[in-house]
Amino acid sequence: MTAVSDPLKLLRLANPVPPGSLREVAAERADDLLERLRADQVAAPALPSARRRSRPLMVAAVVVGALALTGVGIADGLGAFNGISAADHPQIGADVLDPQTVAKLQQTCGSKNVTGFYRPQCHLVLDSARLIGQLPSGHNLYVITDTHGDLCVVNPGILMTCGKGLSPSRPITATSIGQLTFGVARDGVTAVSFQRAGSEVTVPVKDNVWVYKGVSLPEAGALTAHFDNGMTVTLSP
């Protein structure tokens, strides 16, 4: 049996990290920190010569602490779900994406013909998936993040869209499939409106989700988010 002396490898052997989990991302960050420590790119406190023998233990302690702190930060969702109360709960069975959906999203991830750019579907943090609503078709609507901290909206069997998390200046997402237009709205947004045939159409927001059947995004044009405090934000098409 080959002895393992690397402190991080010893930690991983004792605590296996499931692939695609939040802990895997934390471990990758800890790897980077360990390499920087070994290359003396991270300053270490000066020690008297009599204590220099304890440095490997100090490095291991720093890595364990970094792994724990990084894991906490990632578990908070990397900011992807900030302002989305419907997703603010521990993952339960209903939140888990089924294997068929994951396989369909990631069906091109092993292709050597698609390279050179980041593909969110190939870097999903599966533990972060949350069910937040349902479309008129009966399809569930989920939010999930990737290792870049993007906010991805998943409609199983149909599509997935990803982008930056919601903010006061970008309080909604918008997607259309044929004549069905829907999206996720930030807390405080009570409705989304747009102009159609010279009249304003107002769509209510329920549990951070808005849905309208009968128009596509090109037809809807600019979308306006209405907040509960009377403020509005209009997003150009």
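Residues numbered from 1 in each chain as written. Predicted model: local features only at pLDDT ≥ 70, side-chain atom pairs only at ≥ 80, totals over all residues. Heavy atoms only, no water.

Participant: Please give an account of the overall build of the protein that cites residues and values.
Facilitator: In terms of regular secondary structure, the protein is built from five helices and 11 strands. The proportion of buried residues among the 237 residues of the protein is 37%. For the protein, long-range pairs separated by at least 24 residues make up 52% of all intrachain contacts whose partners lie at least 6 apart in sequence. Entry remark: accessible area of the protein is about 13,500 Å², with carbon and sulfur atoms responsible for 55%. (Helix = DSSP H or I, 4+ residues; strand = E, 2+ residues; numbered from the N terminus. Buried < 20%, exposed > 50% of the residue type's maximum accessible area, 1.4 Å probe, protein only. Contact = heavy atoms within 4.5 Å. Areas by Shrake-Rupley, 256 points an atom, 1.4 Å probe, with all protein chains shown as cover.)

Participant: Give a detailed account of the sheet that holds strand E11 (residues 232–235), specifying residues and quantitative values.
Facilitator: To summarise the sheet geometry, strands pair through backbone hydrogen bonds and adopt either a parallel or an antiparallel arrangement. The strand order E8-E7-E10-E11 describes an open sheet built from four strands, whose pairing is antiparallel. Every interior strand has two partners, whereas the edge strands, strand E8 (199–204) and E11, have only one. Strand-to-strand twist in this sheet, taken as the mean axis angle between neighbours without regard to direction, amounts to 25 degrees. Here four bridges tie strand E7 (residues 189–196) to strand E10 (residues 223–227), and the two strands are oriented antiparallel to one another. Within E10, the position partnered with Val 192 by the bridge is Ala 225. (Pairing = 2+ DSSP bridges. Axes fitted to C-alpha atoms, helices over the stretch in contact; angles between N-to-C directions.)

Participant: Now, about the pairing of E11: what can you tell me, with residues and values included?
Facilitator: Of the pairings in the sheet, the one linking E10 to E11 comprises four bridges and is antiparallel in character. Along E11, the bridge assignment pairs His 226 with Thr 232. Hairpin remark: E10 followed by E11, antiparallel, with four residues in the connecting loop; positive phi at Gly 230, about 95 degrees.

Participant: Can you break down the packing of aromatic side chains residue by residue, with the values?
Facilitator: Counted according to the given criterion, the structure contains one aromatic pair. Plain terms: the ring middles of Phe 194 and Tyr 212 are 5.4 Å apart, the flat faces sit at 80 degrees to each other, and that makes the pair edge-to-face. Highlighted residues: Phe 194 in strand E7 and Tyr 212 in strand E9 (residues 209–213), separated in sequence by 18 residues. The exposure class assigned to Phe 194 is buried, which follows from its relative accessible area of 3%. (Phe/Tyr/Trp six-rings, centres within 6.5 Å; stacked < 30°, edge-to-face > 60°.)

Participant: Break down the sheet that holds strand E6 (residues 180–184) for me, with residues and values.
Facilitator: An order of E5-E6-E9 is seen for the three strands of this open sheet, with the pairing classed as antiparallel. Each of the sheet's edge strands pairs with one partner strand only, and the pair in question is strand E5 (175–177) and E9. Strand-to-strand twist in this sheet, taken as the mean axis angle between neighbours without regard to direction, amounts to 20 degrees. Bridge analysis of E5 against E6 gives three bridges, and the strand direction is antiparallel. Directly across from Thr 175, in E6, lies its bridge partner Phe 182.

Participant: Please provide a residue-by-residue account of the side chain of Thr 173, values included.
Facilitator: Summarising the element assignment, Thr 173 is placed in the loop between strand E4 (159–163) and E5. The contact partners of Thr 173, leaving out residues within four places of it in the chain, are Leu 151, Val 153, Leu 166, Phe 182, Gly 183, Val 184 and Trp 210.

Participant: Pulling in residues and values, what's your account of the state of the cysteines?
Facilitator: In a disulfide, the sulfur atoms of two cysteines are covalently bonded to one another. By the definition in use, this model includes two disulfides. A sulfur-sulfur distance of 2.1 Å marks the disulfide that ties Cys 109 to Cys 122. In this structure, the disulfide formed by Cys 109 and Cys 122 twists by about -95 degrees around the S-S bond and is classed as left-handed. In this pair, Cys 109 sits in the loop between helix H4 (99–105) and strand E1 (130–134) while Cys 122 sits in the loop between H4 and E1, placing the two residues 13 residues apart along the sequence. For Cys 122, a relative accessible area of 22% translates into the label partly exposed. Once the bonded cysteines of the protein are numbered in order along the sequence, the disulfide links fall as 1-2, 3-4. (Disulfide = S-S within 2.5 Å.)

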